[in-house]
Amino acid sequence: MTTPTPIFLISLLAALVAVLLAAATDEGTAQVGPTGGEWPVYGGDLGSTRYSPLDQIDASNVGELEIAWRWSARNFGPTPEGNYRVTPIMVDGVLFATAGSRRFAVAIDAVTGETLWVHRWEEGERGRRAPRVNSGRGVAYWAPGDGGDSRIFYITPGYQLIALDVSTGRPLPNFGQDGVVDLMENLRIPEGVDPVGTIGSSSPPVIVGNVVVVGSAQVSGRRHFSPAAIPGDIRGYDARTGDLLWTFHVVPEDGEPGAETWGRNSNEYTGHAGVWTTFSADPDLGLVYLPTEAPTHDWYGGDRPGDNLYSSSLVALDVETGELVWHYQLVHHDIW
């Protein structure tokens, strides 16, 4: 089986959508698809409806579409990208995406296919050892309500959160340390576990209001040589400053609700149970939803008796505080 060439194929008609829909209706909410011809969030809207109300292309004219331009990701990174999984977002006539195994952030003119800017973060050995060395799934966009600088956020393979100026692609110096927040800081790292090569991310954050919510992806799908691993805790950061606002413990600590579901004190060393995929949210309710994964080990649960909350669950958090609102565990004591 051959792998499809990683390109964006934009039809002439589709390329004109960004211009033609400038006067489109503004009706609808964040849960019924994006408006104005844009696609500002990975899932279309924060509710991940993946629905567009555009109707210019239908059964009567789809056969007339022609390729207007191609944009290739094969020139990004040290090796050809054969597992390209990006969903570009589109804001104000510009596509934003990630590309290449080093995960460049790129801005592309939606009408012409011209590359407007590129940002690359050199991570050295930390990036090469990352558990998810690939293009990632894309970026996130944030526009402050006070007229300040709009931003593009993305997470590097080596697990760093970067904020870029939407117009120039340059890191914003007032965010974190010169535009970068090291996501390996403030982790719960068991003794003897090296976070480099152990934890990273392949999905963009979700932004609700002024909070950037970040998950993680870790080594999975194989036998682990120790029951100790880093919990995939969910964290919320200030979109303006990069300050850590809250942390939700996917593996509860002693005294927290759910800790009693981890037998033999296994909550003290068990990890994973994080969110490696994308989030959904409801901005009206102020909730972000976490589809959590299994805890370590994937194939063996003898080191962690009990139901193991909040692994393999759907969890709703207050996006402003990170506090648990409700949860539903889909699989008790998951062994995949």
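Below or above, wherever it landed, is the structure these notes cover.

What counts and what doesn't
- Residues numbered from 1 in each chain as written.
- Predicted model: local features only at pLDDT ≥ 70, side-chain atom pairs only at ≥ 80, totals over all residues.
- Heavy atoms only, no water.
- Helix = DSSP H or I, 4+ residues; strand = E, 2+ residues; numbered from the N terminus.
- Buried < 20%, exposed > 50% of the residue type's maximum accessible area, 1.4 Å probe, protein only.
- Areas by Shrake-Rupley, 256 points an atom, 1.4 Å probe, with all protein chains shown as cover.
- Salt bridge = Lys/Arg side-chain N within 4 Å of Asp/Glu carboxyl O.
- Pairing = 2+ DSSP bridges.
- Axes fitted to C-alpha atoms, helices over the stretch in contact; angles between N-to-C directions.
- Patch = residues over 30% accessible without salt bridge, like charges linked within 9 Å, V, L, I, M, F, W, Y side chains within 5 Å.
- Contact = heavy atoms within 4.5 Å.
- Phe/Tyr/Trp six-rings, centres within 6.5 Å; stacked < 30°, edge-to-face > 60°.

A tally of helices and strands in the chain yields 3 helices and 20 strands. Looking at the chain as a whole, 51% of its 336 residues qualify as buried. Summed over all atoms, the accessible surface of the chain reaches about 15,400 Å², with 51% contributed by carbon and sulfur.

On to the pattern of salt bridges, then. If you walk through the whole model with that rule in mind, you get 7 salt bridges. Here E122 and R120 are joined by a salt bridge, their closest N and O atoms 2.7 Å apart. Overall, the relative accessible area of 47% leaves E122 in the partly exposed class. Judged by relative accessible area, which is 37%, R120 ranks as partly exposed. One network of salt bridges, in which partners are shared, links R188, D233 and E253.

Attention shifts here to the sheet that holds strand β8 (residues 151-155). Spatially, the 4 strands line up as an open sheet ordered β7-β8-β9-β10, and their pairing is antiparallel. At either margin of the open sheet sits one strand with a lone partner, and together these are β7 (140-142) and β10 (180-182). Between one strand axis and the next, the sheet turns by 20 degrees as a mean value, whatever way the strands run. Bridge count between β7 and β8: 3 bridges; the pairing is antiparallel. Across the sheet, W142 pairs through a bridge with R151, a residue of β8.

Take a nonpolar patch on the surface next. Together, L314, V325, W326, Y328, L330 and V331 line one region of the surface with nonpolar side chains, adding up to about 570 Å² of accessible area. By residue number, the principal contributor to the nonpolar patch is strand β20 (residues 324-329), which donates 3 residues. On the secondary structure map, L330 appears in the segment after β20. Under the relative-accessibility criterion, L330 is labelled exposed at 60%.

Moving on to the environment of Y84. Position of Y84 among the secondary structure elements: in the loop between β2 (67-72) and β3 (89-91). In sequence terms Y84 and A73 are 11 residues apart; their C-alpha atoms lie 8.3 Å from each other.

Attention shifts here to the environment of V118. Take V118: it is sitting in strand β6 (residues 115-119). In this structure V118 touches F76, F104, A105 and V106, once residues within four positions along its chain are discounted.

One open sheet holds the 4 strands; their spatial order is β3-β4-β5-β6, and the pairing between them is antiparallel. Looking at the sheet topology across the chains shown, the edges are occupied by β3 and β6. Across this sheet, the average inter-strand angle for adjacent strands is 20 degrees, counted without regard to direction. Sheet analysis places β3 next to strand β4 (residues 94-99), joined by 3 bridges and oriented antiparallel. Residue pairing for β4: I89 is matched across the bridge by F96.

With that settled, the discussion passes to the packing of aromatic side chains. Throughout the structure, instances matching the rule amount to 7 aromatic pairs. An angle of 75 degrees between the planes, with centres 5.1 Å apart, marks the rings of F76 and F104 as edge-to-face. Taken as a pair, F76 in the loop between β2 and β3 and F104 in strand β5 (residues 104-109) lie far apart in primary sequence, 28 residues in all. On the basis of relative accessible area, F104 is assigned to the buried category, the value being 12%. Taken together, a centroid distance of 5.4 Å and an interplanar angle of 70 degrees make the contact between F153 and F175 edge-to-face. One end of the pair, F153, is in strand β8; the other, F175, is in the loop between β9 (160-165) and β10, with 22 residues separating them in the sequence.

This next bit is on the pairing of strand β16 (residues 244-248). Alignment of strand β15 (residues 234-238) against β16, held across 4 bridges, turns out to be antiparallel. Paired with G236 across the two strands is W246, which belongs to β16. Connecting β15 to the antiparallel partner β16 that follows it, the hairpin turn spans 5 residues, and G242 within it adopts a positive phi of roughly 85 degrees.

Attention now moves to unusual backbone geometry. Following T296, the chain continues to H297 via a peptide bond in cis, the omega torsion being -15 degrees. Residue position: H297 is located in the loop between β18 (287-291) and β19 (313-318). A cis geometry characterises the amide bond from L309 onward to Y310, with omega recorded as 5 degrees. Looking at where Y310 falls in the secondary structure, it is placed in the loop between β18 and β19. The residue R50 is not glycine, and still its phi comes out positive at about 55 degrees.

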